[in-house]
Amino acid sequence: FDLAGLSVDAISSAIESAFTEPLPLLVDALSSSSAKVDSVRLTFVVGAGKQARQRYDDGSAKAVTCALERCGYVEDRSGGRGTYKMQHDTGKNLKTVVVCPFVA
């Protein structure tokens, strides 16, 4: 999800609304049986290099991480449930926050 053009308040509100409760996910892939999803990874683009830097609020990354921490998430590079990590994709020149949400 690209957070370009959003204010810090809008980002905080959206993240808290989305991650306060575990995500209720079921996969129903063209079959009659439903399978429970064990893990999900969501990526939020919070910054970019000098060619697109002006599109992102300087506080975007902090807004996402602080909102996640208020929802009980912790920073962890391993990527288990209820964790997030900051990444800098040097190939695409993007700064992202990768979230592994709690899944119900």
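Details of the structure are given in the entry above.
Keep in mind the model is a prediction, meaning the values are calculated, not measured.

Criteria and thresholds
- Residues numbered from 1 in each chain as written.
- Predicted model: local features only at pLDDT ≥ 70, side-chain atom pairs only at ≥ 80, totals over all residues.
- Heavy atoms only, no water.
- Pairing = 2+ DSSP bridges.
- Helix = DSSP H or I, 4+ residues; strand = E, 2+ residues; numbered from the N terminus.
- Contact = heavy atoms within 4.5 Å.
- Axes fitted to C-alpha atoms, helices over the stretch in contact; angles between N-to-C directions.
- Salt bridge = Lys/Arg side-chain N within 4 Å of Asp/Glu carboxyl O.
- Buried < 20%, exposed > 50% of the residue type's maximum accessible area, 1.4 Å probe, protein only.
- Core = buried A, V, L, I, M, F, W, Y, C linked by side-chain atoms within 4.5 Å.
- 1 Å grid on protein atoms, 1.4 Å probe; cavity = no way out; pocket = protein on both sides within 12 Å on 5 of 7 lines; lining within 4 Å.
- Points joined across faces, edges and corners; volume = space filled by probe spheres on them.
- Nonpolar A, V, L, I, M, F, W, Y, C, P; charged D, E, K, R; others polar.
- Phe/Tyr/Trp six-rings, centres within 6.5 Å; stacked < 30°, edge-to-face > 60°.

(A) Up close: the sheet that holds strand 6 (residues 94–100). With mixed pairing, the 4 strands of this open sheet are ordered in space as 3-6-5-4. This sheet does not close on itself; its edge strands, each paired only once, are strand 3 (42–48) and strand 4 (74–75). Sheet strands touched by helix 2 (residues 60–70): strand 3, strand 5 (83–89) and strand 6. Its angle to strand 5, the strand with the most contacts, is close to 165°.

(B) Structural context of the pattern of salt bridges. For the structure on display, the rule yields 2 salt bridges. Arg55 serves as the salt-bridge partner of Asp2, at 3.3 Å between the closest nitrogen and oxygen. Of this pair, Asp2 sits in the segment before helix 1 (8–19) while Arg55 sits in the loop between strand 3 and helix 2, and the two are 53 residues apart along the sequence. You can call Asp2 partly exposed: its relative accessible area is 43%.

(C) Geometry of the nonpolar core. Of all hydrophobic cores here, the largest spans 20 residues; its most connected members are Ile15, Phe19, Phe44, Val64, Leu68 and Val99. Among the secondary structure elements, those contributing two or more residues to this core are helix 1, strand 3, helix 2 and strand 6. The element contributing the most residues to this core is helix 2, with 5 residues. Non-local contacts of Leu68, meaning those with residues more than four positions away in its chain, are made with Ile15, Phe19, Tyr73, Tyr84, Val97 and Val99.

(D) Focus on the layout of surface pockets. There is about 150 Å³ of room inside the largest pocket. In terms of lining, the largest pocket is formed by Val46, Gly47, Ala48, Arg53, Tyr56, Asp57, Asp58, Ser60, Ala61, Met86 and Lys95. The dominant element in the lining of the largest pocket, judged by the number of residues it contributes, is strand 3, at 3 residues. Its residues assigned to classes, the lining of the largest pocket shows 5 nonpolar, 2 polar and 4 charged.

(E) Region of the structure containing the packing of aromatic side chains. Within this structure, the stated rule accounts for 4 aromatic pairs. Between Phe19 and Phe44 the ring centres are 6.1 Å apart and the planes differ by 80°, which places this aromatic pair in the edge-to-face class. Of this pair, Phe19 sits in helix 1 while Phe44 sits in strand 3, and the two are 25 residues apart along the sequence. Both residues of the pair, Phe19 and Phe44, belong to the buried class. Aromatic ring contacts, followed pair by pair, group Phe1, Phe19, Phe44, Tyr73 and Phe102 into a single cluster.

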